[in-house]
Amino acid sequence: MDTVEIGIIGMGDMGRLYATKMRDAGWKKVNVCDRPENYDKLHKELEGSGLNVLRDGHLVSRRSDFIIYSVEAAFIDKVVEQYGSSTKIGSIVAGQTSVKAPEKAAFEKHLPQDTYIISCHSMHGPKVDPTGQPLILIQHRAPDEKLRLVERIMACFKSNFVYLTYEEHDTVTANTQAVTHAAFLSMGTAWSCSNQYPWESERYPGGIETVKINICLRIYSAKWHVYAGLALLNPAAKTQVRQFAQSCTDLFKLMVAEREEELMERVFAARKKVFGWEKEEESNSIISRTGTKVERKPILMSDKLLDRFHMAARKATSHSETGDLSTAAPSPIPPNSHLSLLAIVDCWSSLGINPYDHLDLAATPIFRMWIGVCEYLFRSPERLRGACHAAAKDHSFRADDTEFVIASRGWAQTVQFGNFDSYERRFEETRGFFEHRFQEAGAVGAEMLKVVLAS
Ligand SMILES: NC(=O)C1=CN([C@@H]2O[C@H](COP(=O)(O)OP(=O)(O)OC[C@H]3O[C@@H](n4cnc5c(N)ncnc54)[C@H](OP(=O)(O)O)[C@@H]3O)[C@@H](O)[C@H]2O)C=CC1
Ligand SMILES: O=C(O)C(=O)Cc1ccc(O)cc1
């Protein structure tokens, strides 16, 4: 593996994933560091690991041929300002940050002109197997031969390379990540504000509710700064998150006024625009990027498959212990207003977003599941009419939907104002409510993603 040295600045979750995978692939010299104050601890922990632990980013930068900054998005300017001038002449610099506008500005401002810039972004979390997942590469300031080297180094992840510009990256991730997270964060806040654990409520009996619950808990069990950074620092994210809250509010107003016909019309118009399905059509074709209809295998599945991953259901039966999940008692799923799903499709429709464009480009596992549940609800006209009818006429969902609208507007405002402290506080408050179930939810959620996305 020649004499190429790799450098990683920031040995958090993603930095560690990269460093260990690259080491395992046979790259002889992987130089890593975290903050100088963490050096002694990190050095001790990684003794004998084959990773070359250095005290700071200067020492990593001056000897590495490919350097990846894997630090919090909010700190990227400060960290590159600190170490950028030590970058070895002719080396390539990348960033793992989930939002690229601040990274691009920091690199252009602080990196010497005799260095190259080819950035990256793995579209999955640190606990997900990178095999087959999208890995965005951004050839910003470098000739093709340097890109070939980056591809050679990154080949060890067995991910799918996706080539974007810095600007394209931020537009795509505003749609795939920021607004998706806003929806799940709002669900969590709403449940926590009404002091209810959804898996204990008969209003969330299984089926696609299982996806909502598991993904919501997955997000709240991760680090707040990752979600805050990609939402607050991406200018495109503000538009999407604001529209999502607006869609929630508009639909909710129709619901409380019991204007079922109007609600139905608006929802079916969004269905036609986003999926291309005529009123009574129930097909597997969707509108492709070029505007033509293409056949596509549905991402989801059935209520029955999802019931296997319902936390309360697993507790109540012994099937999970015996491994016989397939025989878990099928629960009849009563109609639900599904405000979050109606609102995201309305949001895509209002902004002219085709979510399938992103699915092919740079979808995270969470975004795939999100499209999957939307597709599932919207494909069947009968199921969708059932949701609209429940939304307008069944008052048992009103309290939950009220909380959801308030939560979505609160999150949208936090993103609008761009305030990290307020984001952290909102996140941590809700996180505390669910924390005691994270361990179980993590295992169930991971299994659900594996099974559903593999099928
Ligand atoms: N987690 C995820 O799912 C994904 C995250 N990303 C992105 O990757 C980046 C890293 O995320 P992640 O690994 O999860 O976050 P972590 O918080 O786990 O890691 C960031 C690390 O960088 C360290 N750091 C901060 N400042 C410096 C510095 N001056 N010198 C060296 N190290 C420093 C942090 O130390 P300290 O904790 O003391 O601040 C921390 O150990 C983020 O930009 C994130 O958006 C991308 C894809 C997926
Ligand atoms: O799938 C998601 O949206 C996640 O929550 C995991 C994640 C978080 C940040 C990234 O930059 C990429 C993936």
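Each chain has its residues counted from 1, running along the sequence as written. Chain letters start at A and ligand numbers start at 1, both assigned in the order the entries are written. At least 70 in pLDDT is required for a residue's local features to be given in this predicted model, at least 80 for side-chain atom pairs to be given and counted, and no such filter applies to totals for whole chains, interfaces and linings, which use all residues. Note that water and hydrogens are dropped before the side-chain values are worked out from all heavy atoms of the structure.

Enquirer: Quick question: what am I supposed to make of the overall build of the chain here?
Expert: For helices the rule is a DSSP run of H or I covering at least 4 residues; for strands it is a run of E covering at least 2, with both sets numbered from the N terminus onward. Within the chain, the secondary structure is distributed over 21 helices and ten strands. Contacts are assigned to residue pairs that have any heavy atoms within 4.5 Å of one another. A fraction of 76% describes how many contacts in the chain between residues 6 or more apart in sequence connect residues 24 or more apart.

Enquirer: Quick question: what am I supposed to make of the site of ligand 1 here?
Expert: The cutoff for a nearby residue is simple: one of its non-hydrogen atoms must lie within 4 Å of the molecule or strand. Taken together, 26 residues sit near ligand 1, with Asp34, Arg35, Val71, Ser98 and Lys223 positioned nearest. Two N or O atoms form a polar contact when they lie within 3.5 Å of each other; inside protein one atom must be a possible hydrogen donor and the other a possible acceptor, and for residues adjacent in sequence the pair counts only when both atoms belong to side chains. The contact in question runs from an oxygen atom of ligand 1 to an N or O atom on the side chain of Asp34, over 2.7 Å. Arg35 is positioned with one of its side-chain polar atoms (N or O) 2.7 Å from an oxygen atom of ligand 1. Relative to its unbound accessible area of 890 Å², ligand 1 is 86% covered by the protein chains. Every element with two or more residues in the shell around ligand 1 is listed here: helix H1 (13-24), helix H4 (76-83), strand S6 (116-122) and helix H9 (224-232). Side-chain classes follow a simple rule in which Ala, Val, Leu, Ile, Met, Phe, Trp, Tyr, Cys and Pro form the nonpolar group, Asp, Glu, Lys and Arg form the charged group, and the remainder, Gly included, forms the polar group. Split by residue class, the shell around ligand 1 holds eight nonpolar, 13 polar and five charged. Each accessible area is a Shrake-Rupley estimate made with a 1.4 Å probe; only the visible protein chains count as cover when residues are assessed.

Enquirer: Would you explain helix H7 (residues 166-193) in this entry?
Expert: What sets the pattern is the α-helix's 3.6 residues per turn: residues three or four places apart point alike. Each helix should span, by expectation, one fewer than its residue count multiplied by 1.5 Å. Between its first and last C-alpha, H7 extends 38 Å over 28 residues, near the 40 Å set by a 1.5 Å rise per residue. Just downstream of H7, Asn195 is the residue with a positive phi angle, here 55°.

Enquirer: Honestly, the packing of helix H8 (residues 208-220) against helix H20 (residues 420-434) in this entry has me stumped. Any pointers?
Expert: Packed helices, taken two at a time, are described by their axes: the angle between them and the distance between them. Here the axes come from fitting lines to C-alpha atoms, over the contacting stretch only for helices, and the angles between their N-to-C directions go from 0 to 180 degrees. One can describe the packing of H8 onto H20 by two numbers: an axis separation of 9 Å at closest approach and a directional angle of 120°. When the axis of H8 is compared with that of H20, the two are oblique. Once H8 is placed against H20, the crossing between them reads as left-handed. Across from Leu217, Ile219 and Tyr220 in H8, the residues of H20 making contact are Phe427, Thr430, Arg431 and Phe434. By definition in this entry, angles of less than 35 degrees are roughly parallel, angles greater than 145 are roughly antiparallel, angles of 65 to 115 are roughly perpendicular, and the rest are oblique. What makes a crossing left-handed is the near helix being turned counterclockwise from the far one by less than a right angle; a clockwise turn instead makes it right-handed.

Enquirer: I keep staring at the site of ligand 2 and nothing clicks. Help me out?
Expert: Every residue lining ligand 2 is accounted for by Ser98, His121, Ser122, His124, Gly125, Gln177, His181, Val226, Tyr227, Thr364 and Ile366. Within the contact set of ligand 2, an oxygen atom lies 3.4 Å away from a side-chain nitrogen or oxygen of Gln177. Residue His181 places a side-chain N or O atom 2.8 Å away from an oxygen atom belonging to ligand 2. Bound to the protein, ligand 2 loses 90% of the 340 Å² it would expose on its own.

Enquirer: Is there a simple way to explain the packing of aromatic side chains in this structure?
Expert: How two aromatic rings sit relative to each other is set out by the distance from centre to centre and by the angle between their planes. Note on ring pairs: Phe, Tyr and Trp rings are taken, using the six-membered ring of Trp, and paired if centres are within 6.5 Å. Classes follow the plane angle, with under 30 degrees stacked, over 60 edge-to-face and the rest tilted. According to the stated counting rule, one finds 20 aromatic pairs in the structure shown. Seen from their ring centres, Tyr220 and Phe427 are 5.0 Å apart, and the 40° between their planes marks the pair as tilted. Of this pair, Tyr220 sits in helix H8 while Phe427 sits in helix H20, and the two are 207 residues apart along the sequence. Each member of the pair Tyr220 and Phe427 is classed as buried. Three or more aromatic residues joined by ring pairs form one cluster here, namely Tyr197, Trp199, Tyr220, Tyr227, Trp411, Tyr423, Phe427, Phe433 and Phe434. Accessible area is worked out with a 1.4 Å probe on protein chains only. A residue is then buried under 20% of its type maximum, exposed over 50%, and partly exposed in between.

Enquirer: I would appreciate a short explanation of the domain arrangement of the chain in the present structure.
Expert: When the parts of a complex come together, some accessible area is lost, and that lost area is often taken as the interface size. With domains assigned, the chain is organised as domain 1 (5-163) and domain 2 (171-454). The straight-line distance from the C-alpha centre of domain 1 to that of domain 2 is 33 Å. Domain 1 puts 16 residues into the contact, and the matching count from domain 2 is 18 residues. Taking both partners together, domain 1 and domain 2 bury about 1,200 Å²; carbon and sulfur atoms supply 69% of that area. Boundaries between domains were set according to an automatic or database domain assignment. By buried area we mean how much accessible surface two parts lose on assembly, using a 1.4 Å probe and totalling the loss over both.

Enquirer: Help me understand the sheet that holds strand S3 (residues 52-53), please; the structure alone is not making it clear to me.
Expert: Sheets are built from strands paired through backbone hydrogen bonds, the pairs being either parallel or antiparallel. Pairing between strands is defined by DSSP: at least two bridges between them are needed. One open sheet accounts for eight strands, arranged S3-S2-S1-S4-S5-S6-S7-S8; its pairing is mixed. Pairing within the sheet leaves two strands with one partner each, and these edge strands are S3 and strand S8 (160-163). Pairing analysis gives two bridges linking strand S5 (residues 92-95) to S6, with the strands arranged parallel. Of the residues in S6, the one forming a bridge with Ile92 is Tyr116. Sheet contacts for H1: strand S1 (5-9), strand S2 (29-33), strand S4 (66-69), S6 and strand S7 (134-141); angle to S1, the most-contacted strand, approximately 165°.

Enquirer: Hey, could you run me through the pairing of S4 in this one?
Expert: One face of the sheet, then the other: side chains in a regular strand alternate in exactly this way. By the alternation rule, side chains of S4 split into Phe66 and Ile68 and Ile67 and Tyr69, which are all buried. As paired strands, S1 and S4 are joined by four bridges and run parallel to one another. Paired with Ile6 across the two strands is Phe66, which belongs to S4. Pairing of S4 with S5, which is carried by four bridges, proceeds in the parallel orientation. Across the sheet, residue Phe66 finds its bridge partner in S5, namely Ile92. Convention used here: a crossover is right-handed provided that the path from the first strand, over the helix, to the second strand proceeds clockwise when the strands point away from the viewer. Where the polypeptide runs from S4 across H4 and back to S5, its parallel neighbour, the crossover connection is right-handed.

Enquirer: Looking at this structure, I do not really get the nonpolar core. What am I missing?
Expert: Within soluble globular proteins, side chains that are nonpolar tend to cluster in buried spots. The term nonpolar core refers to a set of buried residues drawn from Ala, Val, Leu, Ile, Met, Phe, Trp, Tyr and Cys, joined through side-chain atoms within 4.5 Å. Core analysis: the biggest nonpolar cluster contains 94 residues, and Trp348 and Trp370 have the highest contact counts within it. In this structure, Trp348 is in contact with Val274, Ile353, Pro355, Phe367, Trp370, Ile371 and Cys374, ignoring residues within four places of it in sequence.

Enquirer: Can you walk me through the environment of Glu281 in this structure?
Expert: For Glu281, the location among the structural elements is in the loop between helix H11 (260-275) and strand S9 (285-287). Using a relative accessible area of 22% as the deciding quantity, one classes Glu281 as partly exposed. Taking the C-alpha atoms as reference points, Glu281 and Pro381, separated by 100 residues in sequence, lie 7.5 Å from one another. Ignoring sequence-local partners within four residues, the contact set of Glu281 consists of Arg271, Gly276, Lys293, Arg379 and Pro381.

Enquirer: I'm lost on the state of the cysteines in this one. Help?
Expert: Two cysteines whose sulfur atoms are joined by a covalent bond form what is called a disulfide. Sulfur atoms of two cysteines make up a disulfide when they are within 2.5 Å. Here the structure, examined in full by the defined rule, presents zero disulfides. Of all cysteine sulfurs in the structure, the one in Cys120 sits closest to Cys33, which takes part in no disulfide; the separation is 16 Å. On the accessibility criterion, Cys33 (0% relative accessible area) is buried. The closest cysteine sulfur to the non-disulfide-bonded Cys248 is located on Cys347, 8.6 Å from its own sulfur.

Enquirer: Can you help me understand unusual backbone geometry in this one?
Expert: When glycine is set aside, most residues are seen to have a negative phi, and most peptide bonds are trans. Residue Glu258 is not a glycine yet carries a positive backbone phi of 55°. Here Glu258 shows up in the loop between helix H10 (235-256) and H11. At His338, a residue that is not glycine, the phi angle is positive and equals roughly 50°. The topology assignment puts His338 in the loop between helix H14 (319-322) and helix H15 (339-351). Since its relative accessible area comes to 8%, His338 is described here as buried.

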